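# Structural description and commentary
Residue-level listing of the chains:
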Amino acid sequence: MTNLSLTWSLAACAALAAVPASALRFAATLDSIKVQAEPGRTVTRTFQLRLAEDEQRTRFHSHVEDFWHSEDGTQSFYRPAGTLERSCGSWVTLNPVEQAVDPGKSLDVRLSVAVPAAAAPGGYWCALTVDQLVDPLAAPAGVAVQFLASISVGIFVYLPPIERAARVLDVELTGAEARVRLQNEGNAPLAVEGRLELLRPGSSEIVATVTFPRTTLLLEPANRRWITVPLPPAAELPAGRYLVRAIIDIGLDHYVGVQREMEIRREPGATASP
Amino acid sequence: MVRALAVLLTAFAIPNRAAAFPSWSVIVHGRDRTAAADPLEAAGEVLVDLAALAPALGLDVTLAPATVAVVDHRGTRWTGRPGASLLRAGEDTLELGWVRQTRTTWHVPAAAAASLAGLDLTLDRAAAVVELVGPRPSPAAAGVSAAAAAGSVESVVRASARPSSAPPAAASHPGPDGSWQSFTLPKSEAEMTESARLEAAQDRPATRREVAVLPAAHQSLRATVGLGFREGGEWGAELGAFGLWSDWNVELAAAAAFGPAGSDVQGHLFLEAPGRLWSFEAGSLYSQAWGYAEGLRVARESGRHRPTLSLYLPGTLTRYRDPVVAYRDDVLLGRGLSVSGEATSAGRWSLTSRLRRGAFLGSVYAQAGGDMTASGGASIFLDLGAVGLSGSYQSSDGEGRRVDSHNFRLSLPTVGRLTTALETWDARSDLSRSQAHGATFSMPMGDVRVRLRYLFRTNELRPPDREVLSQEHHELVALVGYARSSRVRLDLQLASRWQPGGEAAHRADLQASFDLTDATHLQLFGGFSSLDAAPERYLVRLTQDLPRGLRLIAEVGDVIGFPVGRDLLEPGQEPGSVKLLIQRTWDVDTPAGGSTVAGRVLGPDGAAAADVPVRLGPYRVFTDAGGRFLFRRVPAGGYELSLEEAGLPAHLQAVSGPMEVQVTHGRREDHALYVAPLGRVGGRVFVDRDGDREAGDEEGVGGVVVLLGEEATTTTRDGSFAFHNLAAGRYTLEVVAAMLPGDLQVTPPSRFEIGLPAGESLDQLDVRLQARLRPVVYQEM
């Protein structure tokens, strides 16, 4: 999982804007921060954000919070650290928490994960969120519109032994889409890749292959996730009976899959039936 | 909003039909739109009328619930009696109610699973599709897709099967009843590599991993052994070694040749002690006084001079005939001036002095004694970048003959990249005089170098009591070089010499080398001359790297004796036509040397600081739980010892700055580094509406600017503020009164002096505001 979110929040608005509203421009290390740790140890990483040369001096505030996804992966949800049982938010300290950055300069946030000695094995996660702040001492120049940037990256802490296990719960084929439902049955967030192979019954020739995007399966509040991908056009995958084979890669030395025969209908809204 | 629930129900009494369908299950799927909801918030109640579902399931279900167990998604088991707050059951209707617990206890999961004895019931959504699954379709339910109106549940019943929990080995056929069949597929090596690559790319940490960087655990010595044969019965052997052994620098090169003309052994061994204090040499040596020498030598680095003691033993190529003891010293006098000299027990001595100042390099030398020629001279060299100037003078007197010579050379840029060098040379003795004047033109053109040299020479012989013999000739030499990286090199030299009115003589020489592949190297040498007695020679050398560290070297042409690489015939040697040599190279791990640098990282009260990165030059370690750090096998030298700021735990601040550490061989260094924990100051800004002088829940004021020293922050919506990562010390906290809303004012005092101990947090610094009272000015009417 990479960047969790990059949102532009409308902080204030008014009918008459004194200056044109524009987005803050910066570059940041958006990869999620993954930490292999042991109970009782402290691990330190750095998050870096570099402000564009032609920006104005900007103030940022960093904090840690919990996050998760909706089951279809279209939404992310953020709550205070500690909301989830597998939150690593309370283990994390940041330095600096609040700092102004000059144009062209960097904000380097040290992020230390102090793992409690009694922490159970498995994966824990939370998010580092860096919010742009209004300069407290800047006198407001009348009524204006200001966009404030907010960026979040995931923090994943893995305490061995890590158990990787996932299961394909269901495969649905509608007129234009394939949906695969996966369940994380391990003890840590799991990165999953995979594909759907469609074969004519009794034949080993693959008519179509649909690749799933890399997806992270969390453990709570839901350990299940739908992955939706478009099906090839009807010209390539006409309606009919197919052997549907779902194969997933969860980083083990083998793939895991399920298969069965299904009738695929290509009319809009049609659902495949066994 | 549709909500989800997860329950696992057990211990229901299922009469009759349940036993006939022990593995049937019912899955209730949610609608798509529910998947976009926040699973944490998807809590609530779900109502399932099993009695209504029963006909569709083909079951004659009579529910007589006794005990209900709920297992949440983390495996926590909850049990209760029907009708309790957790679960309630009616006579015909089982009402599964969920009372949300505190967040720390458990959350409502998106998934749900329930079982009624052998009948599994999975409830995913309140308004959902009901899916009947099992290994055998129910006669009543197979192929049925009918709404099973059950209160709020919009249900459709159809037959399917869930994947088995124990996947078989790779399978290519579906289950006999069309159910989902699980399988596993092994990954190929390429797929494993790709997976690892993807994993590494995806999981790239935002910064470096917390890995220690340590000196090498061992050192390495590369050893080479070669054995060869040359046509004509000559055998050759080579032995080489280069590398480190416990910080000793080792260099060994030895070669032996055995053949009809006899045997010859040559070699050179160089050993340098850790820290380069001592060095030992044996075998072929260079003597400042004698030139080529053979024997033993020991030298010691000592401040600004390097005394050297040598024992030279006579050999076939040495110019001395008896053992000689020599003392040499190289002395740096400062300001670019150095002197080196060697005195030997045979009476021969040599003295050289050099001066280097910026672009100027000058030297004078003298050597004499030992029944050999005495000589002396001086030289200068001036390098001004594009312009170079050099000149020398030397004089020698020996064997009844005195020779004086001097030369001068000036090089300067001409046109474009063309460089011209003018030179003159003169040598005279009582019996002869030789002079030469000429010019050299050089020009690089990309990968090609071109050089053209012209010389006009005059030679005079002045025999006593005889007429002077004079000779003049011209000489033109053209050199073309081509180099394309290191794979192709070509050098061609053409030379012509002629006398005025005489016939010209010519000579051509070619050297070429090609890297045919990464393992195959070809060298060509060829020469043609109408000047020399041996007008033609050629040599082809092919070097082929083989597996297991082997290398084959084959030479064809006018090959000479061992070792390989020589291209000059030794006196008495006859060239052969074929030579073969096989070499084997090993990289041998040798014991590591180095010294130990250790210490502790401590807080102000002496507390150990764990997991702190400590850097020693290029190396890095992390402190253990006791704050200890340890660098082993550190090579001798100067290093900077410091705390690595970027990896310092966020709650700590480095107190110790970088320090210089000199590591010497065999000596342990111990140092202490210090950190300080950081603290926090926080509180709330509130309006004391109820007059209790405490910040109530509804009394916080957001948007108030608070200063701590020169740092500023703004209160959040509930009036709270905080300043983080503060070093111990005294601070002034104040609310910026001028930026308060007009109807509020600070209750005195508006400034607080705070003493923050190291690592402490002061979180109760509440600032009280009060409404500003504006007087009413009454007007007269």
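Residues numbered from 1 in each chain as written. Chains lettered and ligands numbered in written order. Predicted model: local features only at pLDDT ≥ 70, side-chain atom pairs only at ≥ 80, totals over all residues.

### Things to note about the overall build of chain B
Quick note on the threshold: Comment: elements are numbered from the N terminus, with helices defined as DSSP H or I runs of at least four residues and strands as E runs of at least two. Put simply, a residue is buried when 20 or more other C-beta atoms lie within 10 Å of its own C-beta and exposed when 12 or fewer do; between those, it is partly exposed, and each C-beta is set from the backbone. By the criterion used throughout, residues are in contact when their C-beta atoms, derived from the backbone, lie within 7 Å.
Of the regular secondary structure elements, chain B holds four helices and 54 strands. The burial tally for chain B puts 24% of its 781 residues in the buried class. Sequence separation of at least 24 residues holds for 51% of the intrachain contacts in chain B that already meet a minimum separation of 6.

### A word on the overall build of chain A
Looking only at helices and strands, one finds zero helices and 18 strands in chain A. Looking at chain A residue by residue over its 274 residues, the buried ones come to 41%. If you take every contact in chain A between residues at least 6 apart in sequence, the share linking residues at least 24 apart comes to 70%.

### Examining the sheet that holds strand 42 (residues 637-643) of chain B
Residue and element names in this part refer to chain B. Which entries qualify depends on this criterion: At least two bridges found by DSSP between two strands are what make those strands a pair. A fitted line through C-alpha atoms represents every axis, and for helices the fit uses only the stretch in contact; the resulting angles, taken between N-to-C directions, go from 0 to 180 degrees.
Across the sheet, four strands lie side by side as 40-39-42-44; this open sheet has antiparallel pairing. Only two strands of the sheet have a single partner each, and these edge strands are strand 40 (619-622) and strand 44 (659-663). Ignoring which end each strand starts from, the neighbouring axes of this sheet average 25° apart. One ladder, built from five bridges, connects strand 42 with strand 44; its direction is antiparallel. Directly across from G637, in strand 44, lies its bridge partner V663.

### A few points about the pairing of strand 18 (residues 278-287) of chain B
Residues and elements named next belong to chain B. Two strands pair when backbone bridges link them, and strand 17 (residues 262-272) and strand 18 are joined in this way by five bridges, in the antiparallel orientation. Among the inter-strand pairings, F270 is bridged to a residue of strand 18, identified as E281. The hairpin formed by strand 17 and strand 18 contains five residues between the paired strands, and G275 there has a positive phi angle of roughly 80°. Two strands pair when backbone bridges link them, and strand 18 and strand 19 (residues 291-300) are joined in this way by 10 bridges, in the antiparallel orientation. By the bridge assignment for strand 19, F280 is matched with V298.

### A word on the nonpolar core
Residues and elements named next belong to chain A. What counts here: Connectivity within a nonpolar core runs through C-beta atoms within 7 Å, and the core itself is a set of buried Ala, Val, Leu, Ile, Met, Phe, Trp, Tyr and Cys residues. Domain start and stop positions are those given by an automatic or database domain assignment.
The biggest cluster of nonpolar side chains holds 66 residues, and the ones touching the most others in it are I155 and I248. Looking at which element gives the most residues to this core, the answer is strand 11 (residues 146-159), with seven residues. Looking at which domains feed residues into this core, each of domain 1 (7-159) and domain 2 (166-264) supplies at least three. Those residues in contact with I248, other than ones at most four positions away along the chain, are A166, V168, L182, V192, G194, Y255, V256 and G257.

### So, the confidence of the model for chain B
Residue and element names in this part refer to chain B. Counted only if it meets this: Residue-level confidence of the predictor, termed pLDDT, takes values from 0 up to 100.
Chain-level pLDDT for chain B is 74 on average; 73% of the residues reach the 70-or-more range. Between residues 42-177, whose pLDDT stays under 50, and residues either more than four places distant or in other chains, the model counts 315 contacts. Predicted complex, confidence summary: ipTM 0.79, pTM 0.60.

### Comments concerning the environment of L244(B)
One can find L244(B) in strand 15 (residues 234-245). The buried category is assigned to L244(B), around which 20 C-beta atoms lie within 10 Å.

### Some points on the sheet that holds strand 2 (residues 26-28) of chain A
Residue and element names in this part refer to chain A. Read from one edge of the open sheet, four strands run 2-4-9-7, paired in antiparallel fashion. Since the sheet does not close on itself, it has two edges, and those belong to strand 2 and strand 7 (92-95), each with one partner. The sheet shows a mean angle of 20° between the axes of neighbouring strands, taken without regard to direction. Where strand 2 lies against strand 4 (residues 42-51), three bridges are found, and the strand directions are antiparallel. When the sheet's bridge partners are listed, A28 is paired in strand 4 with L49.

### Some details on the environment of V480(B)
Residue and element names in this part refer to chain B. The residue V480 is located in strand 31 (residues 469-484) in this model. Judged by C-beta crowding, with 14 C-beta atoms within 10 Å, V480 ranks as partly exposed. On a C-alpha basis, the gap between V480 and L510 in space is 9.8 Å, while along the polypeptide they are 30 residues apart. Residues within four places of V480 in sequence aside, it is in contact with V448, V450 and L492.

### A few points about the confidence of the model for chain A
Averaged over all residues, the pLDDT of chain A equals 83, while 86% of them reach at least 70. Predicted confidence in chain A is weakest over strand 1 (residues 3-12) of chain A, with a mean pLDDT of 38, and strongest over strand 7 of chain A, with 95.

### Some thoughts on unusual backbone geometry
Residue P96(A) follows N95(A) across a cis peptide bond; omega there is 0°. As for its position among the elements, P96(A) is in the loop between strand 7 and strand 8 (98-101). In the segment running from P160(A) into P161(A), the intervening peptide bond is cis, with an omega of 0°. Among the secondary structure elements, P161(A) is positioned in the loop between strand 11 and strand 12 (166-173). If you check the backbone angles, D611(B) has positive phi at about 60° while not being a glycine. Turning to its location among the elements, D611(B) is positioned in the loop between strand 38 (595-602) and strand 39 (613-616).

### Thoughts on the pairing of strand 38 of chain B
Pairing of strand 38 of chain B with strand 41 (residues 628-634) of chain B, which is carried by five bridges, proceeds in the antiparallel orientation. Counterpart to V597(B) in the pairing with strand 41 of chain B is F631(B).

### Focus on the environment of M262(A)
Mapped onto the elements, M262(A) comes out in strand 18 (residues 254-264). Sequence separation between M262(A) and Y242(A) is 20 residues, and the spatial gap between their C-alpha atoms is 5.4 Å.

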